[in-house]
Amino acid sequence: MTPLPTTTAPLLAVDDLVVEHRTPGRPSVRAVAGASLRVGPGEVVGLVGESGCGKSTLARAVCGLGPVSAGSITFEGEPVMPLGLRKRRHTGVQMVFQDPYTSLNPRRRVGDQIADGLRTAGDTATSPADLLERVGLPREFAGRHPHEFSGGQRQRVAIARALAARPRLLIGDEPISALDASAQAQVARLMRDLAVESGAGLLFISHDLSVVRLIADRVAVMYLGRIVEVGRTEEVWAEPRHPYTKALLAAIPHPDGMGVLPAELPGDVPDPAAPPAGCRFHPRCPLVMDRCREEDPAFGPVACWLHEPK
Amino acid sequence: MTALDIAGLKVTIAGRDVLRGVDLRLEPGKVHGLAGESGSGKTMTGLAVLGLLPHGSRATGAIRLGGRDLLTLPPKELNKVRGGEVAMVFQDPATSLHPMLTVGRQLTEHMRHHLGLGKAEARARAVELLGKVRIPGAEEAYRRYPHQFSGGMRQRIAIAVALACSPKVLIADEPTTALDVTVQAGVLRLLRGLCDELGLAVLLVTHDLGVMSAVADEVSVMKDGLVVESGPRVQVLRTPEHPYTRSLLESLPDAEVR
């Protein structure tokens, strides 16, 4: 696989993004340390990685929710500025958050919350009930409050609210991890279908690799602030190339009834405040070479010295 | 031989039937998986064994452990069982460990109470346990606090705490749900190893059928407070008889790709 197959101009372009969290009296933590990513219109990109690798920080930066230390984010050719309290022009990107129990306003009817989005988009033809119908909920639910819904239903409401603003890019930050196993695949597929249907791009963040495999066109694997492998989902699954991707895939237990224990990746994720020298994965890598300890493989699509582009 | 026998267990909370006649049998050295959606009564079954049901709940039926019925046991007797013969590992290691006590204190407190060990003995055993659950630098870890460990390490410590009094039965309620897949793999391997080595009877409550398939010997599937299907792992996951088990397997993202 050679350069990334983005046929059209990218909708979202993230280049060498660095985001640092600063706490007084402590060294600053580079949550995202030079990550690059593209999302095209109508394309579903899955972003996977262990907790603490910077997935959510990247997503928040794309939405303009947080300061960027270095690098650039452009959306439809325009640089993304941090969101201010008053001006909210940046409504082409909408986000569905992890926990639908805290992301919806408990004191307002869900119909009113969805109507906010419609007003932002200047849409007078669509009613909140239409959107509820699109996410598979009865129209009359618009008059209810969030506490009257189950977790899966709430997340559908959150998706309806995000879609109301007519986003060109939808971001799901672990949108299914708070849901029941049986609702996870459903909600993920719903997000994909609605995004693709409306021609919007979808950046789907999850630590559940089996769901990402189901819905993503391309998948980006993140480790300690860096994107270590990008590729077409089926190619990455069939033939993962970065040792970290291999380890991640081998760790998924399969419900085949055979009693096979999943493979273990030894060690813990290093502290992002003091990342290891050279390749960030080298302390845990089973294929580590001398070069990995000294030089950082800062290239793509597979950031590993074993897969250096010629 | 049966380590723990749950027969016809019914639990009512505020007039609502949460469990409607659950039968389970745990055997030493075997992992018994309990699957089902949230709200199906998996966790309540686990809590009932330890007498940890919420206030105002009524439990009938029988939970037999070594000739005693845990449901009718007086509170003092039950306290000896709880944490001694039957131990539990909870879902979220960030909240199940006490944040202000050192790991060592949490490991030795119940050991000294249940087993009547002296300070030095308890300490030696705690360090040994930390080594057994593969915490690096056990001596040093003994003095540290839970927040100084990662999620996977905390769950290992929680398992060590549960194992401290050499229980016969271990109830693990979604022990890997809060963990990443790579860390989960390690904890599952540890659980399986401990079960084989110590002859523990493990009740593994999980909604993840992948996890179930990896470690469980027997699998029971619960729905609306009833066990709808029970049997050896291969049989339940490969040739499910009950339509609900089939629908659970089909709803998995993997099912379509295969």
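These numbers come from a predicted model, not from an experiment.

1. Thoughts on the UniProt feature "domain: ABC transporter" (unreviewed entry) in chain B
Part 1 of the argument: On the UniProt side, "domain: ABC transporter" (unreviewed entry) is annotated at positions that read residues 4-249 of chain B here.
Part 2 of the argument: What you have in residues 4-249 of chain B is 41% helix and 26% strand, and the ends, taken at the C-alpha atoms, are 28 Å apart.

2. Some points on the pattern of salt bridges
Residue and element names in this part refer to chain A.
Part 1 of the argument: Within the structure shown, the criterion is met by 29 salt bridges over all chains.
Part 2 of the argument: When the shortest N-O distance is used, the salt bridge between E50 and R284 registers 3.3 Å. Here E50 is found in the loop between β3 (44-48) and α1 (55-63), whereas its partner R284 is found in the loop between α9 (243-250) and α10 (290-294), with 234 residues between them in sequence.
Part 3 of the argument: Judged by its relative accessible area of 3%, E50 is buried.
Part 4 of the argument: Residue R284 is classed as buried on the basis of its relative accessible area of 6%.
Part 5 of the argument: Each member of the salt-bridge network shares a partner with another, and the members are E20, R22 and R30.

3. Concerning the sheet that holds strand β6 (residues 93-96) of chain A
Residues and elements named next belong to chain A.
Part 1 of the argument: Strand order in the open sheet made by the six strands is β6-β7-β8-β3-β9-β10, with mixed pairing throughout. Each edge of the open sheet is held by one strand with a lone partner, namely β6 and β10 (226-232). The sheet shows a mean angle of 20 degrees between the axes of neighbouring strands, taken without regard to direction.
Part 2 of the argument: In this structure, strand β9 (residues 218-223) lies alongside β10, joined through six bridges in antiparallel fashion. Bridge assignment links M222 to a residue of β10, and that residue is I227.
Part 3 of the argument: Packing of helix α5 (residues 151-164) onto the sheet brings it into contact with β6 and β7 (169-173), and relative to β6 it is tilted by some 175 degrees.

4. Here's the deal with helix α7 (residues 151-163) of chain B
Residues and elements named next belong to chain B.
Part 1 of the argument: When the terminal C-alpha atoms of α7 are compared, their 18 Å separation across 13 residues agrees well with the 18 Å that a helix rising 1.5 Å per residue should span.
Part 2 of the argument: The buried fraction of α7 amounts to 12 of the 13 residues, a majority that puts the element mostly inside the structure.
Part 3 of the argument: Within α7, burial applies to G152, M153, R154, Q155, R156, I157, A158, I159, A160, V161, A162 and L163.
Part 4 of the argument: For α7, the secondary structure elements touched by its buried residues are β6 (86-89), α3 (93-96), α4 (103-115), α5 (119-132), β7 (169-173) and α8 (181-198).

5. Some details on the sheet that holds strand β2 (residues 29-39) of chain A
Part 1 of the argument: Judged by pairing direction, the sheet is antiparallel, and its four strands sit side by side in the order β2-β1-β4-β5 (chain A) without closing on themselves. Each of the sheet's edge strands pairs with one partner strand only, and the pair in question is β2 and β5 (78-79) of chain A.

6. Remarks on unusual backbone geometry
Residue and element names in this part refer to chain A.
Part 1 of the argument: Phi is positive for E174, which is not a glycine, with a value near 50 degrees.
Part 2 of the argument: Secondary-structure assignment places E174 in the loop between β7 and α6 (181-197).
Part 3 of the argument: Of the residues examined, E174 reaches a relative accessible area of 8% and is grouped as buried.

7. What to know about helix α3 (residues 110-120) of chain A
Given 3.6 residues to a turn, an α-helix orients residues that are three or four positions apart in the same direction.
Residue and element names in this part refer to chain A.
Part 1 of the argument: By the burial criterion, the buried members of α3 are V110, G111, Q113, I114, G117 and L118. Buried residues of α3, viewed axially, fall in a sector of 165 degrees; they line one side.
Part 2 of the argument: In the core, the buried residues of α3 are packed alongside α4 (128-134) and α5.
Part 3 of the argument: Once α3 ends, the next one or two residues include G122, with phi positive near 70 degrees.

8. A few points about the side chain of T245 of chain A
Residue and element names in this part refer to chain A.
Part 1 of the argument: Position of T245 among the secondary structure elements: in helix α9.
Part 2 of the argument: Judged by relative accessible area, which is 2%, T245 ranks as buried.
Part 3 of the argument: With residues near it in sequence (within four places) discarded, T245 still touches V221, E229, V236 and P240.

9. A short note on the confidence of the model for chain A
Part 1 of the argument: The predicted model of chain A has a mean per-residue pLDDT of 87, with 95% of residues at 70 or higher.
Part 2 of the argument: Every residue in residues 1-7 of chain A scores below 50 in pLDDT, and together they form 12 contacts with partners more than four places removed in sequence or on other chains.

10. Quick look at the interface of chain A and chain B
Part 1 of the argument: Contacts between the two partners involve 30 residues from chain A, matched on the other side by 34 residues from chain B.
Part 2 of the argument: Approximately 2,800 Å² of surface area, both sides summed, lies buried where chain A meets chain B, with 55% of it carried by carbon and sulfur atoms.
Part 3 of the argument: When the buried surface of chain A facing chain B is broken down by residue, P255, L261 and E264 of chain A rank first, second and third, together holding 23% of it.
Part 4 of the argument: Note that E264 of chain A and R156 of chain B form a salt bridge whose closest N and O atoms lie 3.7 Å from each other.
Part 5 of the argument: Put simply, chain A and chain B have eight residue pairs in polar contact (both at pLDDT 80 or more) between them.
Part 6 of the argument: Those elements that place two or more of their residues in the side of chain A that touches chain B are α6, α7 (209-215) and α9 of chain A.
Part 7 of the argument: The element best represented in the side of chain A that touches chain B is α7 of chain A, accounting for five residues.
Part 8 of the argument: Grouping the constituent residues of the side of chain A that touches chain B by class yields 16 nonpolar, seven polar and seven charged.

11. Observations concerning the packing of aromatic side chains
Part 1 of the argument: The tally for this structure, following the rule as stated, stands at five aromatic pairs over all chains.
Part 2 of the argument: Here F299 of chain A and W305 of chain A contribute two aromatic rings whose centre-to-centre distance is 5.3 Å and whose plane-to-plane angle is 70 degrees, an arrangement assigned as edge-to-face.
Part 3 of the argument: Three or more aromatic residues joined by ring pairs make a cluster, and in this case those are Y223, Y244 and F281 of chain A.
Part 4 of the argument: Cation over ring: R291 of chain A sits above W305 of chain A, and NZ or CZ is 3.9 Å from the ring centre.
Part 5 of the argument: Its guanidinium or amino end placed over the ring of F149 of chain B, R144 of chain B lies 4.7 Å from that ring's centre, counting from NZ or CZ.

12. Focus on the pairing of strand β9 (residues 218-223) of chain B
The two faces of a sheet get side chains in turn, since along a regular strand they alternate between them.
All names here are of chain B.
Part 1 of the argument: Taken together, the four bridges between strand β3 (residues 31-35) and β9 define a ladder with parallel strand orientation. Counted as the bridge partner of L34 is S220 from β9.
Part 2 of the argument: As defined by bridge partners, β9 adjoins strand β10 (residues 226-232) across six bridges and the pair is classed as antiparallel. Residue pairing for β10: M222 is matched across the bridge by V227.
Part 3 of the argument: Taking the residues that link successive antiparallel strands as the turn, the β9-β10 hairpin has two residues, and the phi of D224 there is positive, at about 45 degrees.

The rules behind the values
Residues numbered from 1 in each chain as written. Chains lettered and ligands numbered in written order. Predicted model: local features only at pLDDT ≥ 70, side-chain atom pairs only at ≥ 80, totals over all residues. Heavy atoms only, no water. UniProt positions renumbered as here; feature names shortened; annotations may be inferred. Helix = DSSP H or I, 4+ residues; strand = E, 2+ residues; numbered from the N terminus. Salt bridge = Lys/Arg side-chain N within 4 Å of Asp/Glu carboxyl O. Buried < 20%, exposed > 50% of the residue type's maximum accessible area, 1.4 Å probe, protein only. Pairing = 2+ DSSP bridges. Axes fitted to C-alpha atoms, helices over the stretch in contact; angles between N-to-C directions. Contact = heavy atoms within 4.5 Å. Expected span 1.5 Å × (residues − 1). Arc of directions from axis to C-beta. pLDDT = per-residue confidence, 0-100. Buried area = accessible area lost by both parts, 1.4 Å probe. Polar contact = N/O pair within 3.5 Å; in protein donor to acceptor, adjacent residues only side chain to side chain. Nonpolar A, V, L, I, M, F, W, Y, C, P; charged D, E, K, R; others polar. Phe/Tyr/Trp six-rings, centres within 6.5 Å; stacked < 30°, edge-to-face > 60°. Lys NZ or Arg CZ within 6 Å of the ring centre and 35° of its normal.

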